[in-house]
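# Structural characterization, general
Residue-level listing of the chains:
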Amino acid sequence: MKNIREIAKEKILILDGAMGTEIQKYNLTEDDFRGERFRDVPGMMKGNNDMLNITRPDVISDIYRRYLEAGADIITANTFSCQRISQADYHLEDCAREMAFEGARLARIECDKFSTPDKPRFVAGDVGPTNKTCSMSPDVNNPAFRALTYDELAAAYREQMEAMLEAGVDALLIETIFDTLNAKAAIYAAEQAMEAIGVRVPLMLSVTVSDIGGRTLSGQTLEAFLASVQHADIFSVGLNCSFGARQLKPFLEQLAARAPYYISAYPNAGLPNSLGTYDQTPAEMADEIREYIHEGLVNIIGGCCGTTDEYIAAYSSLIAGAVPRIPASLPDNLWLSGLELLEVKPENNFINVGERCNVAGSRKFLRLINEKKYDEALSIARQQVEDGAQIIDINMDDGLLDAEMEMTTFLNLIASEPEIARVPVMIDSSKWDVIVAGLKCMQGKSIVNSISLKEGEEMFIEHARLIKKLGAAVVVMAFDEKGQADTFERKIEVCARAYKILTEQVDFNPHDIIFDPNVLAVATGIEEHNNYAVDFIEATAWIKKNLPGSHISGGVSNLSFSFRGNNYIREAMHAVFLYHAIQKGMDMGI
């Protein structure tokens, strides 16, 4: 029997509709939710639909069955909140794994009953966003506070996903994404879970937009979201909830134009009325969905809030003979993101990286961080963006600072400042733990500055793999076990070796590799240093020609270090150097 990847190439797939809407039809009581097993658990259980997988499996199986009879190709398991974080509200966190397993197992049983060679049926393990967010503070008086850490969320998701994989799901659906950092934690957990169980299934993502501007609740544009999750092995990406089909269409068009994946859409049954219910009929919704299909926007279509099996039953005639959408091409340049997308491409000419949020290079910034004057420190970051910095470099490496704590605090604070958070961040540290902590704060696609072969290939590969899993690009210093590469020959030798390891052993996207071939000081009085600038420029040209997709950065101020205190000469040297280096392919500089 064909798998879901094979079927998606041939036809538009039908996803099921809402679970909650269907459960309401059964008029279940508090006793129905509790069953005998949870009779004495404190608090109200009614509304915890996931526990019905244990206490009323007959109801859940019946709903699955009705959607399958309506023609659904994919059943989303009743597992939306089957993880410890959400279930803690009901004092049932220790039952979350069992709920996830049972919800997926029941779906597997019903799908297997309906599957035929001509119409196989698939189970998607449903993974909701939880009721907490990693990117935003629940305390308006403390924007750096988080009610949930990345590691806590990833652990909870992994437990849920392992259970669903054990129960035999055909895909994992991370849906109703309102905070991209939550989604990145879920993607990380999915990879861990699949590795642990020894099964690989397609990964489906579905975003919910929070307003007519088309941004998520955590502030990202859809294009920025695509950059943030670009590292993952994604089967489909799409939109659900938020609006009805008509209101969702412009955002779906935007997503379909850029996403190199299959596209899914499962809107609400129109907009809710004053009572919070939905008045749109199945026929009315089908008319709006027809536009998605005829315009080639979708590969997977379903329903969210307010939809029932009657809505899904209307889809079969719509997709008959329809040609599935062909995914967009993979981007041929570096994508980075904060709240907004930054594409690093030749027509951008040169990307400016602001470096004043660096305790090693700015005494003022160091003093402000030391004194916990974070508002003033944020104003430095804000001013850099206003002055044209397209990326901001953050470095907290100082012997008197807890660098990991300060990096986390400052990045969390930046997240609450949209005018700063709109640009990508370069997480700059010589301490690996600080880099990892920083990456776990970022919903956007950041840059790690930096890694190198200084400590050998094994450490280099280990660090690169984690950077990839956490969804970042990376600066690779031209440094190996022999030391810093100073000549043209050494620069290209080290960079070529690093490129080969990253692309062949780590499967790193070449566009996410940024080489720093070392801008070194000239005119030091030492004859061997006189050609350093030329060597950098020539190495840049060689890298661009021979290591396709990669980018070049460098610390320009190093060049004129011999003339510190004489800014006129320094600025003139920088201008001449950049004129030649940019022509040869230097993309960005600090």
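One structure accompanies this document, and this report is about it. Since the structure is predicted, the reported quantities are computational estimates derived from the model, not experimental observations. For every chain, the first residue of the written sequence is number 1, and numbering continues from 1 along that sequence. Where totals are concerned, whole chains, interfaces and linings use all residues; where local detail is concerned, this predicted model gives features only for residues with pLDDT of at least 70, and gives and counts side-chain atom pairs only at 80 or more. Hydrogens and water molecules were not included; the side-chain quantities draw on all heavy atoms of the structure.

### Some words on the overall build of the chain
Numbering of helices and strands runs from the N terminus; a helix is a DSSP stretch of H or I covering at least four residues, while a strand is a stretch of E covering at least two. A tally of helices and strands in the chain yields 23 helices and 20 strands. In this description the radius of gyration comes from C-alpha coordinates, and the expected globular size is given by 2.2 Å times residues to the power 0.38. Taking 25 Å as the expected radius of gyration for a compact globule of 590 residues, we find that the chain reaches 26 Å, a close match to that expectation. In terms of its C-alpha atoms, the chain occupies a principal-axis envelope of roughly 85 × 50 × 45 Å. A simple rule labels every residue: compare its accessible area, found with a 1.4 Å probe on the protein chains alone, to the largest value its type can have, and call it buried under 20%, exposed over 50%, or partly exposed in between. For the chain, buried positions account for 59% of its 590 residues. We call two residues in contact whenever any of their non-hydrogen atoms come within 4.5 Å of each other. Intrachain contacts of the chain at a sequence separation of at least 6 include 75% that bridge at least 24 residues. Summing over all exposed atoms, the chain offers an accessible surface of approximately 23,700 Å²; the carbon and sulfur share of this is 50%. Positive and negative side-chain charges in the chain, numbering 56 and 85 respectively, have mean positions lying 2 Å apart. Surface exposure here means Shrake-Rupley accessible area, sampled with a 1.4 Å probe, where a residue is shielded only by the protein chains that are shown. For this count, His and the chain ends are skipped, Lys and Arg are scored as positive, and Asp and Glu as negative. Charge placement uses NZ in Lys and CZ in Arg. For Asp and Glu, CG and CD serve respectively.

### With respect to the packing of aromatic side chains
Aromatic ring pairs are defined here through the distance separating the ring centres and the angle between the ring planes. By convention, a stacked pair of Phe, Tyr or Trp rings (six-membered ring in the case of Trp) has centres within 6.5 Å and planes under 30 degrees apart, an edge-to-face pair has planes over 60 apart, and any other such pair is tilted. In total, this model carries 5 aromatic pairs according to the counting rule given. Centre to centre, the rings of F235 and Y262 are 5.2 Å apart; their planes meet at 65°, and the pair counts as edge-to-face. Here the residue F235 occupies a position in the loop between α10 (222-228) and β6 (236-244), and Y262 occupies one in strand β7 (residues 262-268), the gap between them amounting to 27 residues. Residue classification places F235 among the buried positions, given a relative accessible area of 3%. Residue Y262 is classed as buried on the basis of its relative accessible area of 14%.

### What about the side chain of E162?
Position of E162 among the secondary structure elements: in helix α8 (residues 150-166). Residues contacting E162, with those up to four places away along its chain left out, are R97, A193, A196 and I197.

### Details of α8
Helix length check: α8 (17 residues) gives 24 Å between terminal C-alpha atoms against 24 Å at 1.5 Å per residue, within 8%. Of all 17 residues that make up α8, 12 are buried, and the element is covered over most of its length. When α8 is considered as a whole, its buried residues turn out to be Y150, L153, A154, A156, Y157, E159, Q160, M161, E162, A163, M164 and L165. Where α8 ends, the next residue or the one after it, G168, has phi of about 100°, a positive value. Expected helix span is given by 1.5 Å per residue-to-residue step, counting one fewer step than there are residues.

### Some thoughts on the packing of helix α20 (residues 457-469) against helix α21 (residues 488-504)
Angles here are taken between N-to-C directions and fall from 0 to 180 degrees, while the axes themselves are lines fitted to C-alpha atoms, restricted in helices to the stretch in contact. Where α20 meets α21, the axes come as close as 10 Å, and the angle between the chain directions of the two elements is 50°. One finds that α20 runs oblique with respect to α21. Note on packing geometry: the crossing formed by α20 with α21 is right-handed. Contact residues: α20 offers E457, F460, I461 and A464, while α21 offers R497, A498, I501 and L502. Geometric relationships in this document are graded by angle, where less than 35 degrees denotes roughly parallel, more than 145 denotes roughly antiparallel, 65 to 115 denotes roughly perpendicular, and other angles denote oblique. By definition, any crossing whose near helix is turned counterclockwise from its far helix by less than a right angle is left-handed, and any crossing with a clockwise turn is right-handed.

### Quick notes on the pattern of salt bridges
A carboxyl oxygen of Asp or Glu within 4 Å of a side-chain nitrogen of Lys or Arg is what we treat as a salt bridge. Evaluated as defined, the whole model comprises 48 salt bridges. Of the charged contacts, one joins R56 and D58 as a salt bridge, the two residues approaching to 2.9 Å between their closest N and O atoms. Take R56: its relative accessible area is 21%, and that puts it in the partly exposed class. D73 is the partner of K119 in a salt bridge, and the nearest nitrogen-oxygen pair spans 2.6 Å. Placement of the pair is K119 in the loop between α7 (96-114) and β3 (122-127) and D73 in the loop between α5 (57-69) and β2 (74-76), with a sequence separation of 46 residues. A relative accessible area of 2% places D73 in the buried class. Through salt bridges that share partners, E22, K25, D62, R65, R66, E110, K113 and D309 make up one connected network.

### As for the pairing of β6
Of all 9 residues making up β6, 8 are buried, and the element is well covered by its neighbours. What joins strand β5 (residues 203-207) to β6 is α10, and the crossover it makes is right-handed. A pair of strands is considered paired only if DSSP assigns at least 2 bridges between the two. Inspection of the sheet shows β6 paired to β7 by 6 bridges, in the parallel sense. Across the sheet, the residue bridging to G238 is S264, located in β7. Seen with its strands pointing away from the viewer, a crossover is right-handed if its path from the first strand over the helix to the second goes clockwise. Chirality of the crossover, the property in question, places the unit of β6, helix α11 (residues 245-258) and β7 among those that are right-handed.

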